[in-house]
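Each chain is listed here by its residues.
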Amino acid sequence: MIEISRIPPDNERRRAVNKLPQVFAALIAVCVFTLLYVAMSSAGNTAQDAKAQVNNGPFQVSAWSHAGSPGNGPMRGAYIIDSETGRVWEIINDHEPKEIGSVRK
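Summary of the structure given here. What you see is a predicted model, and the numbers here were worked out from it, not measured in a lab.

Calculation criteria
- Per-chain numbering applies: the sequence of each chain, read as written, is numbered from 1 onward.
- Totals for whole chains, interfaces and linings use all residues, but because this is a predicted model, local features are given only for residues with pLDDT of at least 70 and pairs of side-chain atoms are given and counted only at 80 or more.
- By convention in this description, side-chain values take in all heavy atoms of the structure and omit both hydrogens and water.
- Strand pairing requires that DSSP identify at least two bridges connecting the strands.
- Going along the chain from the N terminus, every DSSP run of H or I of four or more residues is numbered as a helix, and every run of E of two or more is numbered as a strand.
- Here, axes are lines fitted to C-alpha atoms. For helices the fit covers the stretch in contact, and angles between N-to-C directions go from 0 to 180 degrees.
- Think of it in three bands: residues with accessible area under 20% of the maximum for their type are buried, residues over 50% are exposed, and the middle band is partly exposed, with areas taken using a 1.4 Å probe on protein chains only.
- Lys and Arg are tallied as positive, Asp and Glu as negative. Neither His nor the chain termini are counted.
- The working definition used for a salt bridge is a side-chain nitrogen of Lys or Arg within 4 Å of a carboxyl oxygen of Asp or Glu.
- Here a polar contact is recorded for every N or O atom pair within 3.5 Å, except that within protein the pair must consist of a potential hydrogen donor and a potential acceptor, and residues adjacent in sequence are included only if both atoms are side-chain atoms.
- Contacts are residue-level and defined by heavy atoms, with any inter-residue pair within 4.5 Å sufficient.

**Some words on the sheet that holds strand 2 (residues 75-82)**
If you trace the four strands from one edge of the open sheet to the other, you get 1-2-3-4, paired in antiparallel fashion. Looking at which strands have only one partner, the edges of the open sheet turn out to be strand 1 (59-66) and strand 4 (98-102). Strand-to-strand twist across the sheet, computed as the mean angle between neighbouring axes with direction ignored, equals 20°. Two elements, strand 2 and strand 3 (residues 87-92), share five bridges in a ladder whose sense is antiparallel. Each bridged residue has a counterpart across the sheet, and for G77 the counterpart in strand 3 is I92.

**Remarks on the side chain of D82**
With respect to the helices and strands, the residue D82 is situated in strand 2. With no salt bridge to any partner, buried D82 finds its closest opposite charge in R87, at an N-O distance of 5.8 Å. Within polar-contact distance, the side chain of D82 engages the backbone nitrogen of E84 at 3.0 Å. D82 has contacts with P58, F59, R87 and W89, leaving out every residue within four places of it along the chain.

**What to know about the environment of S83**
Mapped onto the secondary structure, S83 falls in the loop between strand 2 and strand 3. On a C-alpha basis, the gap between S83 and G57 in space is 8.7 Å, while along the polypeptide they are 26 residues apart. At 2.6 Å, the side chain of S83 forms a polar contact with the backbone oxygen of P58.

Read these as spatial facts, not as claims about activity.
Structure (structure tokens):
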């Protein structure tokens with residue numbers, strides 16, 4: 001004799017269907033907590049990287065450029081400051097750095 005697959009009674013089907021929102025809510029919660037964990041851990045690494053870049057030595061650089069004017073071509077350069085001694089250099093176009101003074105601490 002061939003067996004017919006057992007069809008669950010209505011109350012068993014209702015219980016299974018009633019559990020779906022709870023399972024769905026649990027999956028959403030796991031996803032949210034995972035995203036928060038990843039976001040918080042990557043934010044901490046970014047702050048650590050920024051601190052490491054700030055303390056890369058005693059020199060600070062400020063670059064500039066100018067498009068030029070009639071009769072004068074474009075110019076570019078930079079100021080370099082030694083934050084330990086206060087000495088300041090200027091570089092214009094491709095020339096060697098020239099010390100232009102110092103700043104007080």
